[in-house]
Amino acid sequence: FIAKRGILWAILIISILGLPLTIYLTSLHYKPELSTFCNFSDQFNCDIVNKSVYAEIFGIPVAIFGFFTYALFFVLTYSKLINKGKSKNDKDRKLTKYLLIASSIGFLFSLYLSFLEAFVILSWCIFCIISAVFVTIIFILSMILWKKRQ
């Protein structure tokens, strides 16, 4: 039980940290002038990545999708926490399942974005890497929760 609550708190904290990160990336996407804060070279340049054609889906910045993904992680995890760890009830099982599905999709999409940075855009965004690490950790913790549920 303690380990499960610890995992949930870790996911909750990472979700909270991801929200301002995606807000910053969204503002950077719309900012007309170049940023000097996270541009170190052509290989590590947030502007190259965040203003590329791959930074939008249907005209919506990828970072906005990231914001809603972190918000979803937060809501699902918070719901599990207030469910008081009743792992035997149906609602808790469904929340665990939804968290695993959401984190799996987020992880796969994050892999896709990292692939684009490495092999298509040929530049890395430090904040995108941080977000990818956050999503990966949430995915791993969600898998652990799923296994603990059994």
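Along the backbone of the protein there are 5 helices and 2 strands. Order of helices (α) and strands (β) in the protein, N terminus to C terminus: α-α-β-β-α-α-α. Judged by the C-alpha coordinates and their principal axes, the protein covers about 50 × 30 × 25 Å. Considering the protein as a whole, with its 150 residues, one finds that 43% of them fall into the buried category. Nonlocal contacts in the protein, meaning residues at least 24 apart in sequence, comprise 72% of its contacts between residues at least 6 apart. In the form shown here, the protein has an accessible surface area of approximately 8500 Å², with 73% of it arising from carbon and sulfur atoms. Here the protein holds 15 positive side-chain charges and 7 negative ones, and the gap between their average locations is 23 Å.

This brings us to the state of the cysteines. For the structure shown, the criterion picks out 1 disulfide. Through a disulfide, Cys38 is tied to Cys46; the S-S separation comes to 2.2 Å. Take Cys38 and Cys46: they sit in the same class, and that class is buried.

Tallying each qualifying case throughout the model produces 7 aromatic pairs. Ring geometry for Phe67 versus Phe68: centroids 5.5 Å apart, planes at 85°, classification edge-to-face.

Turning our attention to the pattern of salt bridges. Evaluation of the coordinates by the stated rule reveals 3 salt bridges. Here Asp92 and Lys4 are joined by a salt bridge, their closest N and O atoms 3.0 Å apart. One end of the pair, Asp92, is in helix α4 (residues 90–121); the other, Lys4, is in helix α1 (residues 2–30), with 88 residues separating them in the sequence. Note on accessibility: Asp92 and Lys4 belong to one class, buried. A salt bridge links Lys94 to Asp90; the nearest nitrogen and oxygen atoms lie 3.5 Å apart. Note that Lys94 and Asp90 are positioned in helix α4 at a spacing of 4 residues, about one turn of the helix.

Side chains of nonpolar character tend, in soluble globular proteins, to be buried together. Of all hydrophobic cores here, the largest spans 31 residues; its most connected members are Ile11, Tyr70 and Phe127. Of all the secondary structure elements, the ones that give two or more residues to this core are α1, α2 (46–50), α3 (62–82), α4 and α5 (126–149). With 9 residues, the single largest contributor to this core is α1. Among residues more than four places away in sequence, those in contact with Ile11 are Thr77, Leu99, Ile138, Leu141, Ser142 and Leu145.

What follows deals with unusual backbone geometry. What you tend to see is this: most non-glycine residues have negative phi, and most peptide bonds are trans. Phi angles above zero are rare outside glycine, and Phe58 is one such case at about 55°. When you line up the elements, Phe58 lands in the loop between β1 (56–57) and β2 (60–61). For Phe58, a relative accessible area of 82% translates into the label exposed. Positive phi is not limited to glycine here, since Leu122 has a value of about 65°. Along the chain, Leu122 falls in the loop between α4 and α5.

Cut-off values and rules
- Residues numbered from 1 in each chain as written.
- Predicted model: local features only at pLDDT ≥ 70, side-chain atom pairs only at ≥ 80, totals over all residues.
- Heavy atoms only, no water.
- Helix = DSSP H or I, 4+ residues; strand = E, 2+ residues; numbered from the N terminus.
- Buried < 20%, exposed > 50% of the residue type's maximum accessible area, 1.4 Å probe, protein only.
- Contact = heavy atoms within 4.5 Å.
- Areas by Shrake-Rupley, 256 points an atom, 1.4 Å probe, with all protein chains shown as cover.
- Lys, Arg positive; Asp, Glu negative; His and termini not counted.
- Charge placed at Lys NZ, Arg CZ, Asp CG, Glu CD.
- Disulfide = S-S within 2.5 Å.
- Phe/Tyr/Trp six-rings, centres within 6.5 Å; stacked < 30°, edge-to-face > 60°.
- Salt bridge = Lys/Arg side-chain N within 4 Å of Asp/Glu carboxyl O.
- Core = buried A, V, L, I, M, F, W, Y, C linked by side-chain atoms within 4.5 Å.

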